[in-house]
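# Remarks on the overall topology
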Amino acid sequence: MSQQPSPDTNHQRYWRANLKLMGLLLAIWFIVSFGFGILLAKPLNRIEFFGFKFGFWWAQQGSIYVFVALIFIYAAAMRRIDRKHGVSDDDQSEPS
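Now for a description of the structure that goes with this document. Being a predicted model, the structure only gives us computed values, none of them experimental.

## A look at the overall build of the protein chain
Each helix and strand in the protein chain was counted, giving 3 helices and 2 strands. Sequence-ordered secondary structure for the protein chain, helices as α and strands as β, is α-α-β-β-α. Residues classed as buried in the protein chain amount to 24% of the 96 residues present. Looking at the protein chain as shown, the accessible area adds up to about 7,900 Å², and 63% of this sits on carbon and sulfur atoms.

## Things to note about unusual backbone geometry
In this model, Phe-50 sits at a positive phi of 55 degrees, which is unusual for a non-glycine residue. Looking at the secondary structure, you find Phe-50 in the loop between strand S1 (48-49) and strand S2 (52-53). Judged by its relative accessible area of 67%, Phe-50 is exposed.

## Some remarks on helix H3 (residues 54-84)
Of all the bends in H3, the greatest, near 40 degrees, is centred on Gln-60. Gly-86 sits one or two residues past H3 and shows a positive phi near 75 degrees.

## Considering the nonpolar core
In summary, soluble globular proteins display a tendency toward joint burial of nonpolar side chains. The biggest cluster of nonpolar side chains holds 13 residues, and the ones touching the most others in it are Leu-21, Phe-54, Trp-58, Val-66, Met-78 and Ile-81. Here Ile-81 is in contact with Tyr-14, Ala-17, Asn-18 and Leu-21, once residues within four sequence places are set aside.

## Overview of a positive patch on the surface
Together, Arg-13, Arg-16, Lys-20 and Lys-84 give the surface a local cluster of positive charge. Sort the elements by how many residues they give to the positive patch and helix H1 (residues 7-39) lands first, with 3 residues. Mapped onto the elements, Lys-84 comes out in helix H3. Classification of Lys-84 as exposed rests on a relative accessible area of 69%.

## What about the packing of aromatic side chains?
Tallied over the full model, the rule gives 12 aromatic pairs. With centroids separated by 5.6 Å and ring planes inclined at 75 degrees, the aromatic side chains of Phe-36 and Trp-58 adopt a geometry described as edge-to-face. With Phe-36 in helix H1 and Trp-58 in helix H3, this residue pair connects regions lying 22 residues apart in the sequence. With relative accessibility at 14%, the residue Trp-58 sits in the buried group. Their ring planes at 45 degrees and their centres at 6.2 Å tell us that Trp-57 and Tyr-65 sit as a pair that is tilted.

Definitions and limits used
- Residue positions are counted from 1 within each chain, in the order its sequence is given.
- Per-residue local features are limited, in this predicted model, to residues with pLDDT of at least 70; the limit for side-chain atom pairs, both in listing and counting, is 80 or more; totals at the level of whole chains, interfaces and linings are taken over all residues.
- Think of the side-chain values as coming from all heavy atoms in the structure, minus any hydrogens and water.
- Secondary structure counts use DSSP, requiring at least four H or I residues in a row for a helix and at least two E residues in a row for a strand, with both numbered from the N terminus.
- Each residue gets one of three labels from its accessible area relative to the maximum for its type: buried under 20%, exposed over 50%, partly exposed in between, using a 1.4 Å probe on protein chains only.
- Per-residue and other accessible areas follow the Shrake-Rupley method at a 1.4 Å probe size, with only the shown protein chains counted as cover for residues.
- A residue's bend is the angle separating two fitted axes: one through the seven residues that end there, the other through the seven that start there.
- Side-chain atoms within 4.5 Å link the members of a nonpolar core, which is a set of buried Ala, Val, Leu, Ile, Met, Phe, Trp, Tyr and Cys residues.
- Contact criterion: two residues are considered in contact whenever any of their non-hydrogen atoms come within 4.5 Å of each other.
- For patches, a residue must show more than 30% relative accessible area and have no salt bridge; joins then use 9 Å for like charges and 5 Å for nonpolar side chains, namely Val, Leu, Ile, Met, Phe, Trp and Tyr.
- Any Lys or Arg side-chain nitrogen found within 4 Å of a carboxyl oxygen on Asp or Glu counts as a salt bridge.
- Only four residue types enter the charge count: Lys and Arg as positive, Asp and Glu as negative, with His and the chain ends excluded.
- Here the site of a charge means atom NZ of a Lys, CZ of an Arg, CG of an Asp or CD of a Glu.
- Ring geometry is summarised as follows: Phe, Tyr and Trp rings, the Trp one being its six-membered ring, pair when their centres sit within 6.5 Å, and such pairs are stacked at plane angles under 30 degrees, edge-to-face over 60 and tilted between the two.

Bear in mind that shape data such as this cannot, by itself, settle questions of function.
Encoded structure:
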């Protein structure tokens, strides 16, 4: 006979998954902005990209594309986490 996890256990697993996802995405954000935009700007500037130095282009444009992508990745991953832990409101009807 299988037992359902207690609400507290499910809640802890939900938040652990949420924090793990946020930690991963924040690490990517840090690497993209600080790492590529500041620390690696000079080595990246040796590469030409669309007529611009790549370090400059990355700091001004490329990192923005990554940040927008991270927003969509977070939304999709949280939707999946919500469904997995039974807190999704996708399948609930609107209150009348």
